[in-house]
Amino acid sequence: MRIGVLTGGGDCPGLNAVIRAVVRKGVSEYGHEFVGFRDGWRGPMEGLAGPLGIEQVRGILPRGGTILGTSRTNPYKVEGGFGKVEAGLKQHGVEALIAIGGEDTLGVARRLHEDGLRVVGVPKTIDNDLAATDYTFGFDTAVNIAMEAIDRLHTTAESHHRALVVEVMGRHAGWIALHAGMAGGANVILVPEQPFDLAAVCQWVERRFETHYSPIVVVAEGATPKEGTMALATGELDAFGHVRLGGVGQMLADEIERVTGKESRAVVLGHVQRGGTPTAFDRVLATRFGLAAIDAVQAGAYGQMVALRGTDIVRVPLAEATAELKTVPVERYQEAEVFFG
Ligand code: F6P
């Protein structure tokens, strides 16, 4: 059979490991052929595709990014988008598609399946906010990058007796902030799920200075103050209606300096968290997802997504996987709060 593969949404360390595993097992064990669609859903819609064989996937296991390219194109926001995807698959003789992506890409995959196409999903996101899977690959890499940054910021903050605010990714879910902050010994962690009280943050910061250590505040980009006490910048929307975030870290540093009188600096880690080589955990998880995805195609398990449950890779309906976001539960946040201040 000829199978299409695409990667959509924000890139993520481990995407290439999935592509490699799909192709290696698909060719050697099942005798399939593959077509690599470029730049997410834009690939099938605009006929951007090329051969994807063992040759093309050699050496890509440790490489970050995606050899297929990606985009946030949403076919259901484009006039006649479904027909264009269907025609693009037909043009390349593709009978089934493996879509590797996050909430948005998998939401499109679910709708395409409902509209009659044969699609299997593979979850990815550094945010780890997809329901139905315990972890997504890319998250561990992002957390390690953020943790290393926090480790470094501790020493410079202490040398200068400053407060340092570290803004990490996480638009709707604070998993990266929670894990990186806990691993890096942050003094305050702010997540989108728990609107923060600026006065409490400033108190924790001051308490930390009293013990002659400098505070590190880790804030997820989507964190918001309680009752709109601090104005936040809003930005333009992408094709899935998401606001382009960024700015809470700087605003918080300014407010901390104003209220406490202590010098404060903000560091925005941004796309550094998504770049570069995946950790061993992410390489293994991505490889296992790739192997399971080609098995799912072989079994005709369309409309399904592969997922990690405990240590097992299982299949779950795409409808279930995209129904709701997995946010940080209050009990997990309370564990971190023990170390605030
Ligand atoms: O969804 C992954 C993610 O990295 C989010 O954490 C972040 O809000 C967003 O993508 C950034 O999007 P872009 O790559 O379009 O700047």
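Residues numbered from 1 in each chain as written. Predicted model: local features only at pLDDT ≥ 70, side-chain atom pairs only at ≥ 80, totals over all residues. Heavy atoms only, no water.

Novice: So what's going on with the packing of aromatic side chains? Which residues, and what values?
Specialist: Going through the model one piece at a time under the given rule, you end up with five aromatic pairs. Their ring planes at 80 degrees and their centres at 6.1 Å tell us that Tyr135 and Phe281 sit as a pair that is edge-to-face. On the criterion of sequence distance, the pair formed by Tyr135 in the loop between strand E5 (119-123) and helix H6 (139-160) and Phe281 in helix H10 (residues 280-298) is long-range, its members being 146 residues apart. For Phe281, a relative accessible area of 40% gives the class partly exposed. Three or more aromatic residues joined by ring pairs make a cluster, and in this case those are Tyr135, Phe139 and Phe281. Directly above the ring of Tyr76 sits Arg111, whose terminal nitrogen or CZ lies 3.9 Å from the centroid. The ring of Trp175 is capped by Lys326, whose NZ or CZ atom sits 5.9 Å from the centre of that ring. (Phe/Tyr/Trp six-rings, centres within 6.5 Å; stacked < 30°, edge-to-face > 60°. Helix = DSSP H or I, 4+ residues; strand = E, 2+ residues; numbered from the N terminus. Buried < 20%, exposed > 50% of the residue type's maximum accessible area, 1.4 Å probe, protein only. Lys NZ or Arg CZ within 6 Å of the ring centre and 35° of its normal.)

Novice: I'd love a proper account of the site of the ligand, names of residues and values included.
Specialist: Around the ligand, a shell composed of Arg72, Ile126, Asp127, Met169, Gly170, Arg171, Glu221, His271 and Arg274 is seen. The separation between an oxygen atom of the ligand and a polar side-chain atom of Arg72 is 2.9 Å. One nitrogen or oxygen atom from the side chain of Glu221 is found 2.5 Å from an oxygen atom belonging to the ligand. When the ligand sits alone it has 400 Å² of accessible area, and the protein chains cover 82% of it. Taken together, the residues of the shell around the ligand break down into two nonpolar, two polar and five charged. Of the domains in this structure, domain 1 (2-137 + 276-321) and domain 2 (140-273) are the two that each give at least three residues to the shell around the ligand. (Near = heavy atom within 4 Å. Polar contact = N/O pair within 3.5 Å; in protein donor to acceptor, adjacent residues only side chain to side chain. Areas by Shrake-Rupley, 256 points an atom, 1.4 Å probe, with all protein chains shown as cover. Nonpolar A, V, L, I, M, F, W, Y, C, P; charged D, E, K, R; others polar. Domains from an automatic or database assignment.)

Novice: Tell me what's going on with the pairing of strand E6 (residues 163-168), and back it up with residues and numbers.
Specialist: When you tally the buried positions in E6, you get six out of six residues, the bulk of the element. Every second residue of E6 is oriented toward a common face, with Ala163, Val165 and Glu167 on one face and Leu164, Val166 and Val168 on the other, all of them buried. Where E6 meets strand E9 (residues 264-268), five bridges bridge the pair, whose relative direction is parallel. The partner of Ala163 across the bridge, within E9, is Ser264. Where E6 lies against strand E8 (residues 216-220), five bridges are found, and the strand directions are parallel. Bridge assignment links Glu167 to a residue of E8, and that residue is Val219. (Pairing = 2+ DSSP bridges.)

Novice: Hey, could you go over the domain arrangement of the protein for me, with residue numbers and the actual values?
Specialist: Note on interface size: it is often stated as the accessible area lost on association of the parts. Here the protein is described as being made up of domain 1 (2-137 + 276-321) and domain 2 (140-273). Look at where the C-alpha atoms of domain 1 and domain 2 centre, and you get two points 33 Å apart. Contacts between the two partners involve 18 residues from domain 1, matched on the other side by 15 residues from domain 2. Scanning the region where domain 1 abuts domain 2 turns up zero salt bridges. Between the two partners, domain 1 and domain 2, sit four residue pairs in polar contact (both at pLDDT 80 or more). The set of elements that each furnish at least two residues to the side of domain 1 that touches domain 2 consists of helix H5 (103-114) and H10. (Contact = heavy atoms within 4.5 Å. Salt bridge = Lys/Arg side-chain N within 4 Å of Asp/Glu carboxyl O.)

Novice: So what about the side chain of His154? Which residues, and what values?
Specialist: Positionally, His154 belongs in helix H6. Excluding residues within four positions of it along the chain, His154 makes contact with Gly184, Gly185 and Ile216.

Novice: For the sheet that holds strand E7 (residues 188-190), give the residues involved together with the corresponding values.
Specialist: The strand order E7-E8-E6-E9 describes an open sheet built from four strands, whose pairing is parallel. Unpaired on one side and paired on the other, E7 and E9 mark the two borders of the sheet. Across the sheet, the mean angle from the axis of one strand to that of its neighbour is 15 degrees, orientation sign disregarded. Against the sheet, helix H8 (residues 198-210) contacts E6, E7 and E8, and its axis sits at roughly 155 degrees relative to E7. Contacting E6, E7, E8 and E9, helix H9 (residues 248-260) crosses the sheet at an angle of about 160 degrees to E6. (Axes fitted to C-alpha atoms, helices over the stretch in contact; angles between N-to-C directions.)

Novice: Could you give an account of the packing of helix H1 (residues 15-28) against H10, with specific residues and numbers?
Specialist: Relative to each other, H1 and H10 sit at 40 degrees, their axes nearing to 7 Å. One element, H1, and the other, H10, form an angle in the oblique class. The hand of the H1/H10 crossing is right-handed. Only Arg283, Ala286, Thr287, Gly290, Leu291, Ala293, Ile294 and Asp295 of H10 make contact with H1, whose side of the interface consists of Ala17, Val18, Arg20, Ala21, Val22, Lys25 and Gly26. (Parallel < 35°, antiparallel > 145°, perpendicular 65-115°, else oblique. Left-handed = near helix turned anticlockwise from the far one by under 90°.)

Novice: Report on the nonpolar core, specifying residues and quantitative values.
Specialist: Formed by 79 residues in total, the largest nonpolar core has its most connected members in Phe137 and Leu190. Mapped onto the domain boundaries, this core takes at least three residues apiece from domain 1 (2-137 + 276-321) and domain 2 (140-273). (Core = buried A, V, L, I, M, F, W, Y, C linked by side-chain atoms within 4.5 Å.)

Novice: Provide a residue-level description of H10, including the pertinent values.
Specialist: Relative to the 27 Å expected for 19 residues at 1.5 Å per residue, H10 spans 27 Å between its end C-alpha atoms, a close match to the ideal helical length. Within H10, the full set of buried residues consists of Asp282, Leu285, Ala286, Thr287, Phe289, Gly290, Ala292, Ala293, Ile294, Ala296 and Val297. Gly300 sits one or two positions beyond H10 and adopts a positive phi of about 70 degrees. (Expected span 1.5 Å × (residues − 1).)

Novice: Outline the UniProt feature "site: Important for catalytic activity" (unreviewed entry) in the protein, supporting the account with residue identities and numerical values.
Specialist: According to UniProt, the feature "site: Important for catalytic activity" (unreviewed entry) maps to Lys124 in the numbering used here. Counting through the fold element by element, Lys124 comes out in the loop between E5 and H6. Contact partners of Lys124, with chain neighbours within four places excluded, come to Gly8, Gly9, Gly10, Cys12, Leu15, Ile100, Gly101, Gly102, Leu130, Thr136 and Phe137. (UniProt positions renumbered as here; feature names shortened; annotations may be inferred.)

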